[in-house]
Structure formats: C-alpha cells, structure tokens
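One-letter residues, chain by chain:
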Amino acid sequence: MAQQYAGLAGKILLLYKNTGGSYGQLTRVDKQIEYYETGLTHAQSWLAMAQQHAGLADQILGLYDNHISSFGNQRLAALVIDQLPYLGVWSWVGLRRSEVAGEIAHNWRNHLSTDHDPEVIAQGCRQLWEDNVTRWHQPEQPQRVFPCLDTEDLLALAETLYLIEQSEYHKELSGLLERWENLSDFDGQNQQLRNKIQAHEQKIEQLTLALSPVHSTRLRDKLWHWPRRYFLRKQQQEQHTLRDHAQQKQYALANNPNWLKEADNLQKEILKILHHNYCQQYSLDDELWTLHNFSALTLALLSLTTDKPDEEWQDTPIWQQPERLRSFFAAPAWQSWLVPTSKFILKNWLLSPLNPNPKKAQFIQRHLSPEFSYSENFDSTLHQTLQQLTQQTDPALDPLWQQNKEKTKQLLPFFQTFTLHAQTDEDTLRREILTACLLGDIGDYLKRTLEQELAHLFPLALEQQNITVTFAALNQRLHYLVAHYEPLHSRLGEYVHNWAAVRLKEQCQQDTISLASIWDTLERSRMGLMVAQNNLPQDWKQTIGKLAWDALRDSFNRLISDLPVKPADPWSVAQAWITQFQNWLQRVSISQCQQKLQAHQAIVQLFFDPNTGTLKYLTLTREGLKLNDLPEDCAQIHWYNDEETGVADRWMDHQDNNWVVSKERKTFYDWHAAENPTDPHWQATMNSNTVQTVANALEKYAKEAKCTQLFVIFPAPLGQLPWEALDQCAAWLNRAVSISHWFHQIERYYDTQQRWLFSLSPHSNLPCAVPEALWVEQHWHTQIAKDLIKRDSPEQNYPIFQAIAELKNSRQVWLITHGQYVHGEPRLSGLQLNGADKKENIDLPIWLIQAMRFNSELVVLSACVSNVTGNAAEGWLAPLGIGPALAAAGANRVIGTLWSVNEVSTFMFAHCLCEIQANHKELELYQQVEKAKQKMRTMKQAEFTAIVEQFKQTYPDTRITCTAKFTAFQSHPNPLSHYRDWAGFIVMG
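The rules behind the values
Residues numbered from 1 in each chain as written. Predicted model: local features only at pLDDT ≥ 70, side-chain atom pairs only at ≥ 80, totals over all residues. Heavy atoms only, no water. Axes fitted to C-alpha atoms, helices over the stretch in contact; angles between N-to-C directions. Helix = DSSP H or I, 4+ residues; strand = E, 2+ residues; numbered from the N terminus. Left-handed = near helix turned anticlockwise from the far one by under 90°. Contact = heavy atoms within 4.5 Å. Nonpolar A, V, L, I, M, F, W, Y, C, P; charged D, E, K, R; others polar. Salt bridge = Lys/Arg side-chain N within 4 Å of Asp/Glu carboxyl O. Buried < 20%, exposed > 50% of the residue type's maximum accessible area, 1.4 Å probe, protein only. Pairing = 2+ DSSP bridges. Core = buried A, V, L, I, M, F, W, Y, C linked by side-chain atoms within 4.5 Å.

The chain is annotated in an unreviewed UniProt entry as CHAT domain-containing protein of Thioflexithrix psekupsensis.

So, in structure tokens, the structure goes:
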C-alpha cells in the first residue's frame, strides 16, 4: 500500500514538473515557476515517505532541480539558496548515491560558476539559516535533520541572525538621532541669531525713545543736545545695520540646502518607520489578498460601485447573479472606470510606478504598452474575462472575497483612529479599505493616510523659511512616532536563548565538563545585552555574500569529486558564515578578563543546571575558573515553580501589589512598621534558608579567595532581590550586567566632563523633584535642564531626542522622573519626560533606548522600578529593564530602584549619596551607594528634620509642594528605617 501511495505521489509531482516545463518552453517563466512551487508544496508533505522510496525521492529532487534551474537560467540562482536543505535531506552520502541528486549537484556547480549580486546571496543565505534554526531543527527536539549542523552551529547561526535583525532595527532608529542632531545645530544657530535680532531691536527701541524731539525753542538748548543726538543716531544706524546683517544670516540659514535636505529627509524617515511598523503590526505585506489575476480586479470594480457590498452581497454574492453581472459589465459602462476623470482609482493603480506589487508589474507588462497607454490587448483581455464571469462563477472569487472582507473588518477600527477619518462615513471608509486590499494597495493607502495625518497635525514650514516652526513640528512628529510605534517581539532572540539552553544542557551532561565552554555559553545567552555594542560594517552584505558564494562553490566541487566525505562533515558555507560573524561579534575571552581583574576581584556567574535544576556558580579570578555547587535548598524549584510558591515568586507577587504609588505614604506599609522595620514579608524572603544559603556561600568564597569585590551576574529571577541589603553581601557585592559590559567599562576613556541634570516640573505629580534637583545641582555644579521653579505651565514638551542626545554626549546623568515597568511587555517600559499627572505616558521607552548608543560613565535614575530586570525572564537572555537597557546601550553604571520608592526617599538618597561622594572619593561607586543607604536606614528624626530645615533656608523662595510629605516622615523616630525606603537602590555595572 505504501508503495502505491509513493507511486501516485510521484506521478502527481511528475505532472507538475512536465506542466511547468511546457510553460518554460513557451517562455512563460511566471507560470513555469508557479507550477513548480505548487508541486513543491505537495512534496514537502511527502519527504518522510521519500526517504523509504527512492523513486519518489528522485521525483522530488528532480522537481527542485527544475525549479532552481528556472531561476538559474536567468542568473538568479542566489534567490533560491534557501532550498538547499531540501537537496540535502539525504546528506552528503545520500546525494552521492542518487543519480538525480548527482545531476543536481552538477547543475548547481554551473550556477555557481557565474557571478551574482553579493547582497542577494547574503539574503538567500540568511533565509537558509533561519529555516535551519527555526524550522528544520527545534531546540526542544534532540533529532538533527542535517548531521553536519550540531548544537554549537545552530546556536552560532541563531546569534548571527539575531545580530542582523537587531542591527537593522538599531540602524533605522539611530539614523533618526543623527539627522535630529544635524537639524539641532541649525536650530541652535537660528536661536542665537533670533536672540541677537531681538537684542538689536530692543536697543533700537531704546535709542528711538532717547532721540525724542527737544521741546525747548532756545537755540542754546538745541545746540547743547546736538552732539548727543548725533552720537545716538550713529548708534541707532549701527544697530539697524547689525540687525539687518543678522536677519540676512537668518534668511540664508533658513535657505541653506543642507537644512532643507536634512529636514525633508527626517520627515520622510519618520513616515517610513511609522509606515513600516504599522505594516508589520497588521501584516499588510502579506500577499494573501494581493492581485493574482483578474479575480481581485473584478471584486475591486464591483466593490467600488456598490454602496454597502458587505451587506448587499451577504446572502447572494453578485458574482453568483449572472443577469446582474451581465448588465453590470455591459460595455461601455465598465470602460468608463478607466478614464482619467473617473472618481475611481483604477487608472492610478495601474499606472503608478511606485507600487512594488510584482503581480501588478507582470500584469502591466503583459497588457499595457511601455508608454503606459491602454492597448487594445488590455481592453479585449479584460472584456473577455468579465464576459466569462457572467457565464460561470470564478472559483477564486468567493474565498478571495471572504479573506479581504475579514481583513477590512480588522483594519477599520485602526483607520478610524486617524483624525482625518474621524468625520468620514463608516461605509465609505470600509469600501476604500476593501478596495485597497483587493488591489494589493493597502500598504500605499496607509502611507497616504499617514502622510496626510502628520501634515494635518504637525504642519512643516519649510516653504515659510521658518526654522523654529519647522524644527518644533519635527519634534512633535518624533513624539508621535514614539507614542505610536509598537516594538515587535523578536522570535530570533528566543531561539538564541533556547539553543543556548540546549548547549548548556549538553555541556553539563558531559563526563568531563569544560568550564570554559559553560562560561562562554552563559555569556552568549545574554546576546540581547551585547547587540548594542556590536556594529556590523556598512558593507557586511557584500563581504558575507562573496564569502558564501565561494564556500558554496567549494562544497559542490567537493560533493562532485571523489574526495571522502562523512554525513557529519560541515558544509563550507555554514563555517564561512559563522567564522566571519564571530570576527564581527568581538567576544571577550577568559584570558582578557583575567588580565583586567585585580588580585582582590572575582567575577561570579550563577546559573541553574538544566539537567538537575540545582543552582551553581562559576568564579573567575587571576588564578582561573572554578565551578561551585550549592545545596539542594537553593535548587530552581525553591526559587520559582509552576505553583508560584518559590521565594522569587512570592517576593515578586508582593512587589506587584505595592507597585502602585499614591500620594499617601500608607500605601507602602503600615505606620507601625517604621518603628519595627522587620517586615514579615522581608523576613520570609531575605531571611529564608534559600536566600541565606546563597549569601553565606558567596561570602565564604570571598573570604577564602581573599576577594573584597565580587562582580556578580544573577539569573533574572534572583536579580529581583535586594542582595546588597544583607549584611553578608553589602561589603563586596557589585552587580554586573554581562561579561562584555564589565570588560568594556574597565577600558572606557572619557573625553568630556559634561553633566546633565533633568527633572520633571512640579506639575508632574512629583512635588519633591524640585528639592532633589536643586540639591544635585549644587553638588554637581551644573544647571537643571529645565527652569523648573519658574515654569508655570506643563504644556511644553521636552524633546525626546534632545534627551537622547544629552544621554549620548554627557559623562554623568541624573534623571528625576517617573519610571514604569510593564510586566507583559517589558520593552514598553520606560521613563517619563513630559506630562502632568499622566504617569503612564512613557516618553523614553526601553525599545528606543536599546536602539541608541551611549557613552555615559554614570546614569542615576531617580525613578520607580528603574533597575528591575523582569521577573518573568526565567532564563538569561537580555533581562529587560530600564537600567539594563541603558547599560546594554553603553552606559557604564546605572543607579536605580528595584521597586516603587517614595519621592521623599529619593530626595534623601540624593542628599546622602552626594555628601558621601564629596567626602569619600576613595570608595567605589557601589560602596558609596551602600554607605548612603546605611545612613538613610539609621537616620534619626533630628537629623532628618535638620536636612529639611537646611534646604528651606538655602532655598527660601523655592516653590515646593511636598512639605506635607516631609512632615509625615518627620513624625517618626526613624523616618527611613523600613526596607522599602532604602534597600531598593542598587548599582548596575
């Protein structure tokens, strides 16, 4: 029976092969490829059967050969590189045994003898590896379809794909910053000229008043005033000349070709990024509803001339009503839809050279003349097709209608959010969307809508030669972009994590464990925290494309030759690809780390053994690597489990319940807790046997190794706990983000001393921001980014890209603002730069931070949940949080909080930290932070009151509204003794 099924399958494939070949002889390459691809769709479901039946295997290989040759004959073989796995299902040895496979190998060698576009080759290889990493092989399945690719290869390939994806994403967004900085220079020059003009006009006005007529009629009085008036007139003329000169420079600046070009490019880039993001969100690039034949065109024509097609066609679609169709398509009625004066968009659709729809391009080439005028061939073909529809139902119409109807239903609410469509009749808008879907132009329709929306909301003034207005409008468009952009989840990032987990499991199962390999795998699993530090060269596609093509040629030459091969022998193209990307990744070696470590330092990586679930830790000193086991009490099940009864589960559940901060301090804890700071939840977590065992083990190791500083990298769930608050850890614990981040921060050199201090205004539901900002301003000898005290209106937004530029160019940064962590979508977490009481208004989200490059030595985030790393991340790949994102983007060290902290506490932390930094410069940053926390913890009522009074005396005219908050704390003998007030401040890096 199986033999019969295999024979039938072979005959079906032979039919597709022969039909495609016939179309090829007629030079109908499009139909040839269409039949081959349809046959290959069936072939994929018969691959397993083909391994047992050589005849069917040969038919499948033959069909693939014909399909590839149809591209190769047009010198386009690079487009089908991703089909190599189908040819290699039976491995090196299997290919040699098959006569058809040998012929395929010879054909491929011929294809490879010609030169191809390296970028096309790179794209083909990229798809080839993505199929191998995500489809042909699965991390949870131990089987390897291709023995030539082991777990190490699959992990390495996943890394390269993730690096490419993130580099493209980063390049797109970081390009905006570069353009913004160029325009900001023009705006700065324009502002200086405007100030000069205003100063000259004020001077002119003053001189005009001074030159008022002399009312005395006495000649002596007039003669006495004459020299002075002559001097004033001369000054006035000079001011007029200076003002006119400044105005000429301002006019020249507004007409500077570079300004006009950069402004135009930035607005186009904003539109492009928004459009691309929306297309990804709503799958508008999917070809499911694009034009494949006249069926979609027919539906578009029908829907355009029907008021409510989805209602009128619900019971009996119009294409099932022959009489109505005949009258509907009677000439010359249908021809009127093509004339330029028609209200319909068919002619624009057909003639637009901007639409990338390949099916449309083939349609135009076949039915329209090169001059884009309608030919008789087009008229007769369309008319003939419409006549056929009146005689029999086109089987493609009904499913096509249903698909596009559902898509329209999905898109309608989205398009209604645009202000320009707010007043549009719903039926009209629905019909426009439906038609755009049917014509395959929904992407263009969205682009036009978005372009009109931005022009309506934020009109530019390029033609008015007004730099100030134009730059303000561009800043508003950037705010719009950040508010509406939706970062897409990286599936490739998950595969990096999962393949790293498989590799770690295999390594831990070996009889002789390689500590260096485990160390390497743990670091590679944090790929998401290292992408920002690895830039692909501009010509990476050309470089890797040439290497891959040469390597493919080498592989097929070897296959055809008599050289001995084994099933597990690597394909040269995979090794060439991996080797080149490893060079670009710039990994940090163990020996490099040892050279940077001092005698009193060690690096510690904690991890859970995937096989046993036990917690272990690797330590690196100058002497070498060492693996240490922790007791069963520290196993993974005691930290987090399915029942959510682990230590980390309970801790984060409690924090979740306290992450909403109100204006009353009682939301944090009962007032009696201030007198008895041994909170029950703190006792149950931090004094638990699980936590204490880890802390004691690390303390013991530090003493035995004579280390006074341990750089510790915690798995994400353990990183949620305030380990620094434990007496065993406070003296030596310095958190690290990744090995790469630690290494590069040691080597960093700073050529700037700039400091940037930013704070929300008093209108932002953060009344203690002003006192904290003034205190930091005094100790940092810098200026507040905004004039907070004099600012009465919260309406003006602080430009988001101004903040990013300051972060990029400042050595030290202190941000006093609101922070928010979104549990389900951590990349949407971030900081607030604007907005009154809207704390959910995130202006500086993680996804934007990740796309930039910073070089800050220190970033202080005086904001809630700013150093949370994501309790849902049970693995090691890129623990997402505001602080880790800044560190991954290049910030050396980040001070932030693990939970929502009262603003009085952040003010006191700033006060204590600045004082300690001034008086104890010899201490490391993590030691200074711990000293500040201990000072807060032990602070008495009298000292707290003295600090508040000192501030009031220093700034007597300051408009602050947090007096009530200070008073509430002053009523207790130990105002800041509860752990929520001091223990949440930690250093990352």
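Q: What is the right way to look at the packing of helix α8 (residues 118-136) against helix α22 (residues 491-509) in this model?
A: The angle between the axes and the distance between the axes are what describe a pair of packed helices. Between α8 and α22, the least distance of the axes is 11 Å, while the angle of their chain directions is 60°. Considering how the two elements wind past one another, α8 and α22 form a crossing that is left-handed. In this structure, α8 contributes E130, V133 and T134 to the contact, and α22 contributes R491, L492, Y495 and W499. For the contact of α8 with α22, the per-class residue count stands at four nonpolar, one polar and two charged.

Q: Looking at this model, I keep getting lost on the pattern of salt bridges. Mind explaining?
A: A pair can form between side chains of opposite charge whenever their charged atoms are brought close. Taken as a whole and assessed by the stated rule, the structure comprises 25 salt bridges. Between R135 and D131 there is a salt bridge whose closest N-O contact spans 3.6 Å. With R135 and D131 both in helix α8 and four residues apart, the pair spans about one turn of that helix. The exposure class assigned to R135 is partly exposed, which follows from its relative accessible area of 41%. In this structure, R430 and E426 form a salt bridge, with 2.8 Å as the shortest nitrogen-oxygen distance. Here the residue R430 and the residue E426 both occupy positions in helix α19 (residues 426-438), the gap between them amounting to four residues, near one helical turn. Overlapping salt bridges bring together E152, E159, R503, D520, R524 and R587 as one network.

Q: Looking at this structure, how should I read the sheet that holds strand β11 (residues 858-862)?
A: Two strands in a sheet stick together by hydrogen bonds in their backbones, pointing the same way (parallel) or opposite ways (antiparallel). Ordered by their spatial adjacency, five strands build an open sheet running β6-β7-β11-β12-β13, and the pairing between neighbours is mixed. Each end of this open sheet is capped by a strand with a single partner; those strands are β6 (755-759) and β13 (985-988). Strand after strand, the sheet turns through a mean of 10° between neighbouring axes, direction not considered. Direction of pairing for β11 relative to strand β12 (residues 893-897): parallel, over a ladder of three bridges. Across the sheet, the residue bridging to L858 is R893, located in β12.

Q: Hey, could you run me through the nonpolar core in this one?
A: Ranked by size, the top nonpolar core spans 165 residues in total, and within it F415, W639, W723, F801, W814 and L886 carry the most contacts. Of all hydrophobic cores here, the second largest spans 56 residues; its members include A78, L84, V502 and A548.

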